[in-house]
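Take a look at the letters that make up each chain.
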There are 2 protein chains.
Amino acid sequence: MTARTTVERITDHPDAQDITLQGVLEAIADPVRRSIVRQIANAPGDMACGTFDISVTRSTGTHHFRVLRQSGIIRQYYAGTSKMNMLRRDDLDRAFPGLLDAIVEASDREAVRAAGARR
Amino acid sequence: MTARTTVERITDHPDAQDITLQGVLEAIADPVRRSIVRQIANAPGDMACGTFDISVTRSTGTHHFRVLRQSGIIRQYYAGTSKMNMLRRDDLDRAFPGLLDAIVEASDREAVRAAGARR
DNA sequence: TCCATCGTACGACGGTGGTCATATGACGAT
DNA sequence: ATCGTCATATGACCACCGTCGTACGATGGA
């Protein structure tokens, strides 16, 4: 039994059918949260909370993860002391086809443009 | 010279390349503004400000139209005493492919669902 | 010319949400 | 058992934003 995924449920996740467009858009409109989503989307696998490149305090980070979770954008589960994050792609795609992809893509595109302008 | 489109420019419209994802998402995250966008998207032609079904005061409406205009989502022009509104589809599609469609579609879908739940 | 209509400008108010500091709790490693 | 790490909870602060009322400006019709 070494280093395993804890089964304990986090209570906060909304059911797929309870994900609202309003919630998703509010969540994703924040730059820090959008950056988080982008990082998960571009990562090969799930990411621990601590591994994100964010510009705010840990406590503020916790706040943003909670908003993302409660809006139904991410799913979280414990793995030992760290907490893993994954996108709820299927649920989102079913509820709002094309939305997540469009936003992530736009976000990537803008990040690239910003990087270009910076040099 | 009867009932014509005034040529006067409204100064506020951002250039296409200055439309930011942040601005668009902030703008569209508000339910009143999203409703406005939806109404334009589903209308056969451009819509005058006064013809919208909105739940707020005229002055608040003006505020929302300004946000939409300055974010680059809509273009406005005068036609006599009323002000016409149109989506900047091309500019938006070029900047953020699929985004507008996904949001409008999701918005429609949700409106339908809400109407269903209401009866 | 006068009035009605449509939209804007400005100021005020209230709520919400992003931020941080600090303290607390859970888990793993030593 | 103890410590360090990871994340949360709580409370406070502040800025921003959605809202409204009122006053104003512009246009078109009677």
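Residues numbered from 1 in each chain as written. Chains lettered and ligands numbered in written order. Predicted model: local features only at pLDDT ≥ 70, side-chain atom pairs only at ≥ 80, totals over all residues. Heavy atoms only, no water.

Caption draft 1: Main features of the pattern of salt bridges. Residue and element names in this part refer to chain A. Following the criterion strictly, the structure yields 14 salt bridges over all chains and no others. When the shortest N-O distance is used, the salt bridge between D12 and R69 registers 2.6 Å. A residue pair is termed long-range when its members are at least 10 positions apart, and D12 in the segment before α1 (21-28) and R69 in helix α3 (residues 58-71) qualify at 57 residues. On the basis of relative accessible area, D12 is assigned to the partly exposed category, the value being 27%. With a relative accessible area of 8%, R69 lands in the buried category. Ionic pairing is found between D91 and R88, a salt bridge with its closest N-O pair at 3.0 Å. For D91, a relative accessible area of 16% puts it in the buried group. Residues joined in a network through salt bridges with shared partners are R75, R88, D91 and R94. (Salt bridge = Lys/Arg side-chain N within 4 Å of Asp/Glu carboxyl O. Helix = DSSP H or I, 4+ residues; strand = E, 2+ residues; numbered from the N terminus. Buried < 20%, exposed > 50% of the residue type's maximum accessible area, 1.4 Å probe, protein only.)

Caption draft 2: Fine view of empty space enclosed by the protein. Applying the stated criterion across every chain yields a total of 2 cavities of 30 Å³ or more. Every residue lining the largest cavity is listed: B:V24, B:I28, B:I73, B:L92, B:F96, B:L99, B:L100 and B:I103. Elements with a minimum of two residues in the lining of the largest cavity: α1 (21-29) and α5 (99-118) of chain B. Counting residues per element, the lining of the largest cavity draws most heavily on α5(B), at 3 residues. Class assignment of the residues belonging to the lining of the largest cavity gives a composition of 8 nonpolar, no polar and no charged. A:V24, A:I28, A:I73, A:L92, A:F96, A:L99, A:L100 and A:I103 are the residues that line the second largest cavity. Elements supplying a minimum of two residues to the lining of the second largest cavity: α1 and α5 (99-118) of chain A. (1 Å grid on protein atoms, 1.4 Å probe; cavity = no way out; pocket = protein on both sides within 12 Å on 5 of 7 lines; lining within 4 Å. Points joined across faces, edges and corners; volume = space filled by probe spheres on them. Nonpolar A, V, L, I, M, F, W, Y, C, P; charged D, E, K, R; others polar.)

Caption draft 3: Representation of the pairing of strand β3 (residues 82-87) of chain B. Residue and element names in this part refer to chain B. In this structure, strand β1 (residues 47-48) lies alongside β3, joined through 2 bridges in antiparallel fashion. Within β3, the residue paired with M47 across the bridge is N85. Note: strand β2 (residues 74-79) against β3, 6 bridges, orientation antiparallel. From the neighbouring strand, A79 faces β3, where its bridge partner is S82. The antiparallel hairpin formed by β2 and β3 contains 2 residues in its connecting segment, where G80 sits at a positive phi of about 65 degrees. (Pairing = 2+ DSSP bridges.)

Caption draft 4: Geometry of the protein's contact with DNA strand D. Surrounding DNA strand D, one finds 19 residues, the nearest of these being A:C49, A:T62, A:K83, B:R33 and B:H64. Each atom of DNA strand D within 4 Å of the protein was assigned to sugar, phosphate or base; sugar and phosphate come to 74%. A:K83 places a side-chain nitrogen or oxygen 2.5 Å from a phosphate oxygen of DNA strand D. One nitrogen or oxygen atom from the side chain of B:R33 is found 2.9 Å from a phosphate oxygen belonging to DNA strand D. Within the residue set of the surface near DNA strand D, elements represented by two or more residues are α3 and β3 (82-87) of chain A together with α2 (31-42) and α3 (58-71) of chain B. By residue number, the principal contributor to the surface near DNA strand D is α3(B), which donates 4 residues. Grouping the amino acids of the surface near DNA strand D by side-chain chemistry returns 3 nonpolar, 11 polar and 5 charged. (Near = heavy atom within 4 Å. Polar contact = N/O pair within 3.5 Å; in protein donor to acceptor, adjacent residues only side chain to side chain.)

Caption draft 5: Main features of the sheet that holds β1(B). All names here are of chain B. Pairing in this open sheet of 3 strands is antiparallel, and the strands run β1-β3-β2 from one edge to the other. Each edge of the open sheet carries a strand with a single partner, namely β1 and β2. Each of β1, β2 and β3 is contacted by α2, which is oriented at about 85 degrees to β3, the strand it contacts most. (Contact = heavy atoms within 4.5 Å. Axes fitted to C-alpha atoms, helices over the stretch in contact; angles between N-to-C directions.)

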